[in-house]
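Structure assessment
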Amino acid sequence: MHSRNNIIRTHRTRAAKTAAAAVAGALALALTGCGGDDDKGSDSGPTGGTETGTTVTLPKLDGKSLEVAAVWSGAEQANFKKVLAEFEKRTGAKVTFVPAQDPIVNFLGSKIAGGQPPDVAMLPQPGAIKQAVDKKWAKPLGAEAQAELAKNYSQGWQDIGKVDGKQYGVYYKAANKSLIWYNAQVFENAGATEPKTWDELLTTAQTVYDSGVTPFSVGGAEGWTLTDWFENIYLSQAGPEKYDQLAKHEIKWTDPSVKDALTTLAEVWGKKDYVAGGATGALQTDFPASVTQTFTGGDQPKAGMVYEGDFAQVNIVQAGAKVGTDAKVFPFPAVGDSAPVVSGGDAAVILKDSEAAQALVTFLASPDAATVQAKLGGYLSPNKNVPDSAYPNAVQQKMAKALIAAGDDFRFDMSDQTPQAFGGTPGKGEWKALQDFLKNPKDIAGTQAKLEADAAAAYGG
């Protein structure tokens, strides 16, 4: 079973301005410690004291039915269904969740070819939104949805849902993908401290190693985890302008900046006994297992740290560990001048235009919908009017604050901005090239050549 937390596929885009040091600072501040920062939602919006809030007016839709497709499964799907149930309660419409397979564009293509498109699809990449528009599947958002977006989202989050200046997507769910989770007991036993720079991370890793625990767990069976490692290093080291250029294939993967990032990455992946199970073991470890093996096994887990986004909390809880006590988190360390702020997201896109579909997307753009899911955990919203108090624990509140504090100064996950054949297909393109690199981190030039050949083919030359 392909069991990645589909939250994940909330990845990339070209977002707005530079990932400034101030943003990295805000992220670092927001994620330092896990204390009782019980900020009751502050000035963040009108949904404060009620269970779900009623900030958006929706039409009566009795007798209307809708289908919503997404790749989410497990708790993720169950929690989203509660949001859909709230929409049903308010409008009288009936909403059916359609489980989709990855890549979702292929899944939708077959549904559309069969004359059965869902009304709304949750698309995890700006590239997928563009494909849906290019294929004439996607329908623009109406005035109500656009007004709700303008009220609740920073310009950067609005812009990544646009194609050729027209609004097609509402980013309902976000991910903070610049986090490293660690086993607090392992750090305490080793006398290890939270690093702020890449060099400090290597020192921390050695300290953990010296205490008898393998430093890192890597879910290499799923190539997207490896692209996320690369993107954080590349954004911090090469800077946001180069990041945007590489995302658009305006510079080649044979560029010296890519060599530098792979060389840095090899300082972890290529260090003997720094990765749980070695390369062979990591390549057989899926994302959920990479998290759970870091937080099970008492004083001797398989690893002391695991890199991935805020959504790792779902798996930490499944491992029986407590977020903020057993599992703590620090921002991905700065490799260059400032720490990276990489985000991701899933956008609601209308495939069958109707009053009901427009109403659902308007609801998903409101604080009301996001507040329902925020209370259930394992979720972040880019909606700035969701109160901090909606999130169930201090760690998650801090991550949500950091995401909102980044404003327009984040970068969307790069591989989700690329054509799916290059950046989003198991066993192909970037996923496969980085899996091969994990196996042989000495082959930097060969990895670059393979990445460039695959990118050139996917981008059309």
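In short, a report on the structure. (Residues numbered from 1 in each chain as written. Predicted model: local features only at pLDDT ≥ 70, side-chain atom pairs only at ≥ 80, totals over all residues. Heavy atoms only, no water.)

So, about helix α9 (residues 223-238). If you check α9, its first and last C-alpha atoms are 22 Å apart, about what 16 residues at 1.5 Å a residue would give, namely 22 Å. Taken across its 16 residues, α9 has 14 buried, putting it largely inside the fold. Directly after α9, the chain includes glycine 239, whose backbone phi takes a positive value near 95°. (Helix = DSSP H or I, 4+ residues; strand = E, 2+ residues; numbered from the N terminus. Expected span 1.5 Å × (residues − 1). Buried < 20%, exposed > 50% of the residue type's maximum accessible area, 1.4 Å probe, protein only.)

Phe80, Phe87 and Trp181 are the most contacted members of the largest nonpolar core, which totals 91 residues. The dominant element in this core, judged by the number of residues it contributes, is helix α15 (residues 355-364), at seven residues. Excluding anything up to four places from it in sequence, phenylalanine 80 contacts Val68, Trp72, Phe97, Met122, Tyr172, Leu364 and Gln373. With 49 residues, the next largest nonpolar core counts Ile180, Tyr182, Tyr243 and Val268 among its residues. (Core = buried A, V, L, I, M, F, W, Y, C linked by side-chain atoms within 4.5 Å. Contact = heavy atoms within 4.5 Å.)

Attention now goes to the pattern of salt bridges. Taken as a whole, this structure holds 14 salt bridges when the rule is applied. Salt-bridge contacts for arginine 411 lead to aspartate 244; the nearest nitrogen and oxygen are separated by 2.8 Å. One end of the pair, arginine 411, is in strand β12 (residues 411-412); the other, aspartate 244, is in helix α10 (residues 240-247), with 167 residues separating them in the sequence. The same class applies to arginine 411 as to aspartate 244, namely buried. Among the ionic pairs, lysine 450 bridges to aspartate 454, the shortest N-O distance being 2.6 Å. Linking lysine 450 with aspartate 454, this pair stays in helix α20 (residues 444-459), spanning four residues, or about one helical turn. By relative accessible area, which is 36% here, lysine 450 ends up partly exposed. When salt bridges with common partners are traced through the structure, they connect Glu86, Lys89, Arg90 and Asp368 into a single cluster. (Salt bridge = Lys/Arg side-chain N within 4 Å of Asp/Glu carboxyl O.)

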